[in-house]
Amino acid sequence: MQMKDVDHLPATPDFDIWPIFVLPQAVSVENGALAVTWGDGLVSRYHPFFLAENDPAPDTLHPLSREATLPPLDIAADLRVAEAWIETGGAVTVRWSDGRRSSRFHPGWLRGNGWFGAEAPGPKPVLWMARDQPEPPTLDGPSALADDGAFLRWLVALRDYGVSRLENLPNEDGLLMRIVERIGPVRESNFGRMYTLEIKDDPDSNAFTSDALLQHVDMPTRECPHGLQFLFCRDNTTSGGEGIYVDAYRIAEDLRTEEPEHFRALCEIEWSYNNRSKTSSYKACGPVIEQDSAGNISGIRYNTWLRAPLVASLDVQDRAYRSYRAFAARAQDPAYQMVFAYRPGDLLAFDNRRALHGRNGYDAKGGTRFIEGIYADRDDLYSAIRTLERALDQEPAT
Ligand SMILES: [Fe+2]
């Protein structure tokens, strides 16, 4: 049974929705901590410091910002839960050992923030190769812009697949900017707030030629490369120039199992990257494959034409180049590549630190090609998804 939040329940230290799927059945005090036995038999325990600093009362949590106002040292070092009980409606009240006023907690929030032996699973990337995903997940653009639910599905596809597309969009000035700003702030770069993929007489990137581009991430020259990229094709009558997208997380996982020595080298050896510009000089370094503390792949830094010389011993150079070649062999293997034409009205959104992108060369004299690009960051995508889910009152799409 799902019970909705009701007025008499305590506030929570956030603006999220905490549905009550199960009610607390019994509470007890264990060595000064709160123990809750839930209706489904699970038990969760809460440290007194955890409860005190998340107390939603107005003197410990700002009632408007919902941010904590309690300094850590204002919590007594020997604070203990003295007594606890369940109110009608499921809120849990705690009486404290130091005589301060009691604290009340929302049962949905307590359940959602309880420890049950493992972290609750979050969204997992859907890994793909060409046979699984020959084209990006695609929605009709005008429909997605007119309907928050469809817009959310586009964003969730971007998060989970690392690439998603809107199609049939009108050729309209400012449209790309409006769509990106609906998700979050633009992240500018040395190419400006927005850039146009056009052929320049004096190009400061291979992107501004009609040449083929090997698979790559943009901005490996930054401490944290831009998390998202948006490419809006407003016009294209040229031949060639198809987009080539690769799920580099799929490559990394395949290397982990099939070529573990190369996988380790790609995670350990830091390459430097520098841009080649007469008016700027960006430089950053990092491994090709980044993992989080749990060993999940969390980012890719791979770009052949922006790699700086690897100043290292022969042994390290040998290990670095051979592992880089192993990665490149997969990135350039059609089995990993999604290849498709940029059609007028297509908007490609992709995770720049996961989905490698590239293109075939095109005949610049055979027509016109007008593609606009904007960068943003992953955090803004994730925030937009959570905010839309909250507004639409949906369970997180995992
Ligand atoms: Fe690029």
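Residues numbered from 1 in each chain as written. Predicted model: local features only at pLDDT ≥ 70, side-chain atom pairs only at ≥ 80, totals over all residues.

(A) Examining the sheet that holds strand E4 (residues 81-86) more closely. Pairing is antiparallel across the open sheet formed by three strands, whose spatial order is E4-E5-E6. In this open sheet, the two strands that pair with only one neighbour each are E4 and strand E6 (103-105). Geometrically, the sheet is characterised by an average inter-axis angle of 20° between neighbouring strands, direction not taken into account. (Pairing = 2+ DSSP bridges. Helix = DSSP H or I, 4+ residues; strand = E, 2+ residues; numbered from the N terminus. Axes fitted to C-alpha atoms, helices over the stretch in contact; angles between N-to-C directions.)

(B) Geometry of the domain arrangement of the protein chain. The domain architecture assigned to the protein chain consists of domain 1 (24-120) and domain 2 (138-389). Of note, the centres of domain 1 and domain 2, computed from C-alpha atoms alone, are 44 Å apart. (Domains from an automatic or database assignment.)

(C) Focus on the environment of arginine 104. Position of arginine 104 among the secondary structure elements: in strand E6. Among all residues touching arginine 104, those that are not within four sequence positions of it are Pro10, Ala91 and Thr93. (Contact = placed C-beta atoms within 7 Å.)

(D) Here's a closer look at the nonpolar core. Leu155, Phe230, Ala248 and Leu347 are the most contacted members of the largest nonpolar core, which totals 66 residues. Ignoring anything within four residues of it in the chain, the contact list for phenylalanine 230 reads Leu176, Val180, Leu347, Ala349, Gly373 and Ile374. Formed by 13 residues, the second largest nonpolar core is a distinct cluster that contains Val36, Val81, Val92 and Trp96. (Core = buried A, V, L, I, M, F, W, Y, C linked by C-beta atoms within 7 Å. Buried ≥ 20, exposed ≤ 12 C-beta atoms within 10 Å, placed from the backbone.)

(E) Spatial organisation of the pairing of strand E19 (residues 355-359). Here E19 lies mainly inside the structure; four of its five residues are buried. Summarising the sheet, strand E12 (residues 243-247) and E19 pair through five bridges and their orientation is antiparallel. Across the sheet, residue aspartate 247 finds its bridge partner in E19, namely alanine 355.

(F) Structural context of the pairing of strand E16 (residues 297-300). Where strand E15 (residues 289-291) and E16 come together, three bridges link them in antiparallel fashion. Residue pairing in the sheet places glutamine 291 in a bridge with isoleucine 297 of E16. Once E15 ends, the chain turns through five residues before running back antiparallel as E16, passing glycine 295 with a positive phi of about 90°.

(G) Region of interest: the packing of helix H6 (residues 248-258) against helix H8 (residues 314-331). Remark: H6 packs on H8, axes separated minimally by 10 Å, with the N-to-C direction vectors making an angle of 125°. By the angle between their axes, H6 is oblique relative to H8. The crossing of H6 and H8 is right-handed. Contacts between H6 and H8 pair Ile251, Asp254 and Leu255 from the former with Ala326, Phe327, Arg330 and Ala331 from the latter. (Parallel < 35°, antiparallel > 145°, perpendicular 65-115°, else oblique. Left-handed = near helix turned anticlockwise from the far one by under 90°.)

(H) Quick peek at the sheet that holds strand E18 (residues 346-351). One open sheet accounts for six strands, arranged E7-E8-E18-E11-E20-E9; its pairing is mixed. Here the strands that pair on one side only, and so sit at the sheet edges, are strand E7 (138-140) and strand E9 (195-197). Ignoring which end each strand starts from, the neighbouring axes of this sheet average 25° apart. Across six bridges, the pairing between strand E11 (residues 228-236) and E18 is antiparallel. The residue of E18 that forms the bridge with leucine 231 is leucine 348. The sheet strands contacting helix H5 (residues 175-183) are E11, E18 and strand E20 (369-376), and the helix crosses E20 at an angle near 20°.

(I) Here's a closer look at the environment of leucine 110. Assignment of secondary structure puts leucine 110 in helix H2 (residues 107-112). Given 25 C-beta atoms within 10 Å, leucine 110 falls into the buried group.

(J) Local environment of helix H7 (residues 260-268). Among the residues of H7, those classed as buried are His262, Phe263, Ala265 and Leu266. Down the axis of H7, the buried set is contained in an arc of 165°. They therefore lie on one face. Along H7, the residues that are exposed and aim more than 90 degrees away from the buried face are Pro260 and Glu261. (Arc of directions from axis to C-beta.)

(K) Expanded view of unusual backbone geometry. Phi at asparagine 31 is positive, roughly 50°, even though this residue is not glycine. Along the chain, the position of asparagine 31 falls in the loop between strand E1 (24-30) and strand E2 (33-38). Given 9 C-beta atoms within a 10 Å radius, asparagine 31 is considered exposed. You will see that asparagine 168, though not glycine, has its phi angle at about 65°, which is positive. Note on asparagine 168: 16 C-beta atoms within 10 Å, which makes it partly exposed.

(L) Structural detail: helix H4 (residues 148-161). Helix length check: H4 (14 residues) gives 20 Å between terminal C-alpha atoms against 20 Å at 1.5 Å per residue, within 8%. Where H4 is concerned, the buried positions are Phe151, Leu152, Trp154, Leu155, Val156, Ala157, Leu158, Arg159 and Tyr161. Buried positions along H4 lie against E7, helix H3 (141-146), strand E8 (163-167), H5, E18 and helix H9 (378-391). In the segment just after H4, glycine 162 is the residue with positive phi, at about 80°. (Expected span 1.5 Å × (residues − 1).)

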